[in-house]
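Here is what each chain is made of, one letter per residue.
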Amino acid sequence: MLYGKKNRREASYLEPIFGSKNEDETLPSYHLGEKSIEPRIAYQMIKDDLLDEGNSRLNLATFCQTFMEPEAVKLMSETLDKNMIDKSEYPRTAEMENRCVNIIADLWHARGPEKYIGTSTIGSSEACMLGGMAMKFAWRKRAEASGMNTQAKKPNLIISSGYQVCWEKFCVYWDIELREIPMTEDHLSLDVEKAMEAVDDYTIGIVGILGITYTGQYDDIKKLDQLVEAHNQQTEHKVYIHVDAASGGLYAPFVEPELEWDFQLKNVISINTSGHKYGLVYPGVGWIVWRDEKYLPEELVFKVSYLGGEMPTMAINFSHSASQMIGQYYNFVRFGFDGYQSIHQRTHDAAVYLAKEIEQSRHFELINDGSQLPLVCYKLAADSERKWTLYDLSDRLLMKGWQVPSYPLPKNLDHQIIQRIVVRSDFGMNMAHDFIEDLKAAIKELENSHLVFHKETEIKNYGFTH
Ligand SMILES: *Cc1c(COP(=O)(O)O)cnc(C)c1O
């Protein structure tokens, strides 16, 4: 009866996936398949195609979130249809974005009488682009007002060589000279004195990083602010600080609340962060806040209609789903200050534990011990007998599913190869114990192996900039 003519179509939905004809077809790569296939089969085929990508939670290379609670995931999938830009159709969503900006501005000590302004973005890259553009436009206005010829030279931006690639993009797109302050052995973050020496009348701003993607170290923004203040006291060509707090912006306020790096410092005018790093949301959501609306030139603010009125928008992207932003608001509502603090504290403890164990193995020299960002970073300790490299160790760990990148430090220090582990909220103490076991076993294996092929010049490329 089931296969009666009438029920044929319905019956095809009951076919097992393996053994169905569609399973024999290759997935389209260059042009659309001719006929539609059933949703269940399409789902399974695509799911299978993604199978060998590894387990994201074992990926210790990324700052990006790899876990959210089922309720958050439910809420986010139920709100995928909401368009972030459509403030008049989704006024409650727009209000949620405002609340998130308020909450973040408060964590960063934005205080009256200044009127902060901010927006959600797709991530820190978009937020940095906005921060950079605002600095460029504001610089040009100040420079023109003082009678300078703004065309005579390329404007410049000052940042340590540990910058994330989005700043290089910003400088290329906007024709700005990237003035890199090299990191040195004693300065694995911004050398603030050297940064000040690089300032001239064409400097649109200085970027401080909280923290450097390579090593996790924080730039000394407080010291930088003091030097900038001294500079600004003596000249009409003022210079200001943007803090790229992609990873630290929603971490430091909970773990090191006494650290002064944000709007408590007079010359910090804008800050960005990635909601999908320690804001604990799946990618992509980011944030930027200016301490006062006067630092965001009006040319960069556009109006969209909102409840019969108008609402300012400054994000670069237009239409995209609001679900990540809603996920951010969920986390704020759900965890509160205490929740974020205890989650991050656990993450911190796991990082410190890893650092201790790694140091005790005597094979490594620590560069970052997890005491600032929960990131452990190390190089091989000198040993003329050792035949294996960090790249070999990365490969060995991958056999157990762990993705741990090895890479050279930036320019000037690129003879140094380091390995970096980013600890996230879903990497608990139990996983940390397991990881250390696997690390010890990997080292033992390497120590006892007869390594045949060893081409020293070969540098493998592991992702590490996120
Ligand atoms: C991750 C990161 C970025 C880029 O952020 P996305 O959210 O991935 O766009 C920029 N700067 C720093 C310091 C980062 O760590």
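Residues numbered from 1 in each chain as written. Predicted model: local features only at pLDDT ≥ 70, side-chain atom pairs only at ≥ 80, totals over all residues. Heavy atoms only, no water.

**Focus on the nonpolar core**
Put simply, the rule reads: Among the buried residues, those of types Ala, Val, Leu, Ile, Met, Phe, Trp, Tyr and Cys that are joined through side-chain atoms within 4.5 Å form a nonpolar core. For the exposure calls, accessible area comes from a 1.4 Å probe over protein chains only, and a residue counts as buried if that area is under 20% of its type's maximum, exposed if over 50%, partly exposed in between. In this text, helices come from DSSP runs of H or I with a minimum length of four residues, and strands from runs of E with a minimum of two, each type numbered from the N-terminal end. Contacts are residue-level and defined by heavy atoms, with any inter-residue pair within 4.5 Å sufficient.
In terms of nonpolar packing, the biggest core is built from 100 residues, with L157, W167, F170, I206, V243, W261 and W290 touching the most fellow members. Residue contributions to this core peak at ten residues, all from helix 5 (residues 124-145). Setting aside anything within four residues of it in sequence, one finds F170 in contact with M129, G132, M133, L157, I176 and I204.

**As for the packing of helix 10 (residues 323-360) against helix 12 (residues 429-447)**
Put simply, the rule is: Think of each axis as a best-fit line through the C-alpha atoms, taken over the contacting stretch in the case of a helix, with angles from 0 to 180 degrees between the N-to-C directions. Any angle between 65 and 115 degrees counts as roughly perpendicular, while under 35 counts as roughly parallel, over 145 as roughly antiparallel, and the rest as oblique. For any pair of crossing helices, the crossing counts as left-handed if the nearer helix is rotated counterclockwise from the farther one by less than a right angle, and right-handed if it is rotated clockwise. In this count, Pro and Cys sit with the nonpolar residues alongside Ala, Val, Leu, Ile, Met, Phe, Trp and Tyr, while Asp, Glu, Lys and Arg are called charged and the others, Gly among them, polar.
Remark: helix 10 packs on helix 12, axes separated minimally by 10 Å, with the N-to-C direction vectors making an angle of 20°. By the angle class used here, helix 10 and helix 12 are roughly parallel. Considering only the axes of helix 10 and helix 12, their crossing is right-handed. Across from D349, A350, Y353, L354, E357 and I358 in helix 10, the residues of helix 12 making contact are M429, A432, H433, F435, I436, L439 and K440. Taken together, the residues of the contact of helix 10 with helix 12 sort by class into nine nonpolar, one polar and three charged.

**Description of unusual backbone geometry**
In this structure, the amide linkage connecting G112 to the following residue, P113, adopts the cis form with an omega of 5°. Inspection of the secondary structure assignment puts P113 in the loop between helix 4 (91-107) and strand 1 (117-121). Between L210 and G211 the backbone carries a cis peptide bond, its omega angle lying at -10°. Although it is not a glycine, L280 sits at a positive phi angle of roughly 70°. Position of L280 relative to the elements: it lies in the loop between strand 6 (268-274) and strand 7 (286-290). We note that R362 has phi near 65°; this positive angle belongs to a residue other than glycine. Inspection of the secondary structure puts R362 in the loop between helix 10 and strand 10 (364-369).

**Brief notes about the UniProt feature "modified residue: N6-(pyridoxal phosphate)lysine" (unreviewed entry) in the protein chain**
Inclusion rule: UniProt positions are given in the numbering used here, feature names are shortened, and annotations may be inferred rather than shown by experiment.
As recorded in UniProt, the sites labelled "modified residue: N6-(pyridoxal phosphate)lysine" (unreviewed entry) are K277. Note that K277 resides in the loop between strand 6 and strand 7. A relative accessible area of 8% means that K277 is categorised as buried.

**Examining the pairing of strand 6**
Looking down a regular strand, the side chains alternate between one sheet face and the other. Inclusion rule: Should DSSP find at least two bridges between two strands, the strands are taken to pair.
For strand 6, the buried fraction is high: seven of the seven residues fall into the buried class. As paired elements, strand 5 (residues 241-244) and strand 6 share four bridges and run parallel to each other. Directly across from I241, in strand 6, lies its bridge partner V268. As paired strands, strand 6 and strand 7 are joined by five bridges and run antiparallel to one another. Across the sheet, S270 pairs through a bridge with W290, a residue of strand 7.

**Focus on the site of the ligand**
Put simply, the rule is: When at least one non-hydrogen atom of a residue lies within 4 Å of a molecule or strand, that residue is treated as near it. Any N or O atom pair separated by 3.5 Å or less is treated as a polar contact, with the protein-specific requirement of one donor-capable and one acceptor-capable atom, and with residues adjacent in sequence counted only for side-chain atom pairs. For the accessible areas, the method is Shrake-Rupley and the probe is 1.4 Å, while residue cover comes only from the protein chains on display.
Near the ligand the following residues occur: G123, S124, S125, Q164, C166, I209, T213, D244, A246, S274, H276 and K277. A distance of 2.8 Å separates an oxygen atom of the ligand from a polar atom in the backbone of S124. In the complex, the protein chains occlude 92% of the 380 Å² of accessible area that the ligand would expose alone. Split into classes, the residues belonging to the shell around the ligand amount to three nonpolar, seven polar and two charged.

**A closer look at the side chain of D438**
Where we set the bar: Just so you know, the count uses Lys and Arg for positive and Asp and Glu for negative, and it drops His and the chain ends. By definition here, a salt bridge exists when the distance from a side-chain nitrogen of Lys or Arg to a carboxyl oxygen of Asp or Glu is within 4 Å.
Among the secondary structure elements, D438 is positioned in helix 12. Of the side chains with opposite charge, K400 comes closest to the buried, unpaired D438, at an N-O distance of 4.2 Å. When residues no more than four places from it in sequence are discounted, the contact partners of D438 are L397, K400 and W402.

**Structural notes on the sheet that holds strand 3 (residues 177-181)**
Strand order in the open sheet formed by seven strands is 1-7-6-5-4-2-3, with mixed pairing between adjacent strands. On the outer flanks of this sheet lie strand 1 and strand 3, each paired with one strand and no other. Neighbouring strand axes in the sheet, compared pairwise and without regard to direction, differ in orientation by 20° on average. Looking at chain direction, strand 2 (residues 156-160) and strand 3 are connected through five bridges and run parallel. Paired with S160 across the two strands is I181, which belongs to strand 3. Helix 4 rests against strand 1 and strand 7 of the sheet, and its axis sits at about 65° to strand 7.

**Here we look at the domain arrangement of the protein chain**
The condition that has to hold: Bear in mind that the domain bounds are from an automatic or database domain assignment.
Assigned domains within the protein chain: domain 1 (1-42) and domain 2 (76-331). Centre-to-centre, using C-alpha coordinates, domain 1 lies 50 Å away from domain 2.

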